[in-house]
Amino acid sequence: MISEKMKKMVLNNSEIRKMFEEGNRMSQIYGKDNVYDFSLGNPNVPAPPKVKEAIIEILNEENELTLHGYTNSNSGYMEVRNAVALSLNKRFQTSFSGENIIMTVGAAGGLNVALKVFLNPEDEVIVFSPYFGEYRSYVNNFDGVLVEISPNTENFQPKLDEFEKKITERTKVVIINTPNNPTGVVYSEETIMRIAEILNKKQKEYGSDIYLLSDEPYRELVYDGEKVPYITKYYENTIVAYSYSKSLSLPGERIGYLVVPDEVSECKTVRSAMNVANRILGFVNAPTLQQKVVEKCLEEQTDISYYNRNRETLYKSLTNYGFSCIRPKGAFYLFMKSPIEDEKEFCKEAKELHILLVPGSSFGCAGYVRIAYCVSYEMLLKALPQFKKLAKKYF
């Protein structure tokens, strides 16, 4: 018999994954070209050519036993960590060294490593709705308590008055995600500065450390010249979790890193603990080949003009049909208001037209649906008449 904790996790299994699996099932019945699956944030843009070249180059040049063996440190190859630090310093005017970098099994692996290090049972982790639903499971993994800040549906910047009120002496971690999944909103510099101000005030009030965990897989996916503040420059107790899943279109390779700046309280102890957590959580070390690949591809980036075309087309079309949605400034998601109160019922109506959407309640924001537009442009165009039929049911 499985554990009681896992029984609950199975019952609350990812709605995103469920819809993706439903899309595969429907494709077998109706044909793949007749199912419009906007459920999963799986990049549709190929990895930059340099990635393939790097893989071939590494396999030809490296000693296979060394390449495919364990790394000397569970934090990853030092030469890779040094290269990542130098790249960050060049781009964001920071002053990191390889010691500040821990290579991880994607951002998800990094988040779990960080939460493993920081949380005691019943410690509180604050998230801003809407948020990536897997945060619930990550926090539950370590017997923490998830505290939600209700959504600000006017512009989806965090409700900072509510945030300040909900910080308690048990608050240990605050997770932010910008550019945001599911809204595509980028938190403004003003928002980040205010979050930092509140956290500094609360740390003094309670005499404890509160860590700001910045989840950043979409940092490079921004439009219209939008700038994404680099959070370590605003608040000392910041940990950055990064992934190459989106910037290099490598979601299945599971490669990313944590940044633990020297300014973090007891930084050496924290980094040592994360090195151990990387091992005891079963990751051992980040994939060795992929560490070497990203070292050679730090200046590369996926072609976001493809996503931008999808964004422009989808946003313009849906708003013309009568739907209401905030214009995304980053990532590859559009968060649309359901025309009826029960967005799950709306998703069922969409499914009748072979459109697969994810209900906003999965992200802690009922009454909305997420549309992942990281799909082929041809499929998006083919789906638009179906969206128009859907709109006519309500407007």
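Remember, it's a predicted structure, so these values are computed and weren't measured experimentally. (Residues numbered from 1 in each chain as written. Predicted model: local features only at pLDDT ≥ 70, side-chain atom pairs only at ≥ 80, totals over all residues. Heavy atoms only, no water.)

Student: Account for the sheet that holds strand β7 (residues 238–243), with residues named and values stated.
Tutor: Read across the sheet, seven strands follow the order β2-β8-β7-β6-β5-β3-β4 without closing on themselves; strand pairing throughout is mixed. Here the strands that pair on one side only, and so sit at the sheet edges, are β2 (101–104) and β4 (145–149). Going across the sheet, the axis of each strand differs from the next one's by a mean of 20 degrees, ignoring polarity. Across four bridges, strand β3 (residues 124–128) lies against strand β5 (residues 171–177) in parallel orientation. Directly across from V125, in β5, lies its bridge partner V173. On top of the sheet, helix α9 (residues 189–206) reaches β3, β5 and β6 (211–215); it is set at about 180 degrees to β5, its chief contact. (Pairing = 2+ DSSP bridges. Helix = DSSP H or I, 4+ residues; strand = E, 2+ residues; numbered from the N terminus. Axes fitted to C-alpha atoms, helices over the stretch in contact; angles between N-to-C directions. Contact = heavy atoms within 4.5 Å.)

Student: Explain a nonpolar patch on the surface to me, using residue names and the numbers behind them.
Tutor: The grouping of I2, M6 and V10 at the surface amounts to a nonpolar patch, some 270 Å² of accessible area in total. Among the structural elements, I2 can be located in the segment before α1 (4–11). Classification of I2 by relative accessible area gives partly exposed; the value is 48%. (Patch = residues over 30% accessible without salt bridge, like charges linked within 9 Å, V, L, I, M, F, W, Y side chains within 5 Å. Areas by Shrake-Rupley, 256 points an atom, 1.4 Å probe, with all protein chains shown as cover. Salt bridge = Lys/Arg side-chain N within 4 Å of Asp/Glu carboxyl O. Buried < 20%, exposed > 50% of the residue type's maximum accessible area, 1.4 Å probe, protein only.)

Student: Now, about the environment of Y234: what can you tell me, with residues and values included?
Tutor: Here Y234 shows up in the loop between β6 and β7. Under the relative-accessibility criterion, Y234 is labelled partly exposed at 25%. The spatial distance from the C-alpha of Y234 to the C-alpha of A196 is 6.4 Å, given a sequence separation of 38 residues. Non-local contacts of Y234, meaning those with residues more than four positions away in its chain, are made with E189, I192, M193, A196 and P229.

Student: An account of the sheet that holds strand β12 (residues 358–359) is needed here, citing residue identities and associated values.
Tutor: Pairing within the open sheet is antiparallel, and its four strands lie in the order β9-β10-β13-β12. Unpaired on one side and paired on the other, β9 (324–325) and β12 mark the two borders of the sheet.

Student: I'd love a proper account of the nonpolar core, names of residues and values included.
Tutor: Ranked by internal contacts, the top residues of the largest apolar core, which has 36 residues, are F38 and L357. Secondary structure elements with two or more residues in this core: α12 (304–321), β10 (333–337), α13 (343–352), β13 (368–372) and α14 (377–392). Take this core: its biggest share by element is seven residues, from α14. Beyond its immediate chain neighbours, meaning those up to four positions away, F38 contacts I355, L356, L357, R370, I371, A372, V375, M379, L380, A383 and F387. Membership of the second largest hydrophobic core comes to 29 residues, among which are A83, V84, V240 and Y257. (Core = buried A, V, L, I, M, F, W, Y, C linked by side-chain atoms within 4.5 Å.)

Student: Before we move on, can you summarise the pattern of salt bridges with the specific residues and values?
Tutor: By the definition in use, this model includes 20 salt bridges. Here K292 makes a salt bridge to E79, at a shortest N to O gap of 2.9 Å. Of the two residues, K292 sits in helix α11 (residues 288–296) while E79 sits in helix α5 (residues 78–92), which places them 213 residues apart along the sequence. Among the charged side chains, a salt-bridge network with shared partners connects E164, R194, E197 and K201.

Keep in mind that these numbers describe shape and distance, not what the molecule does.
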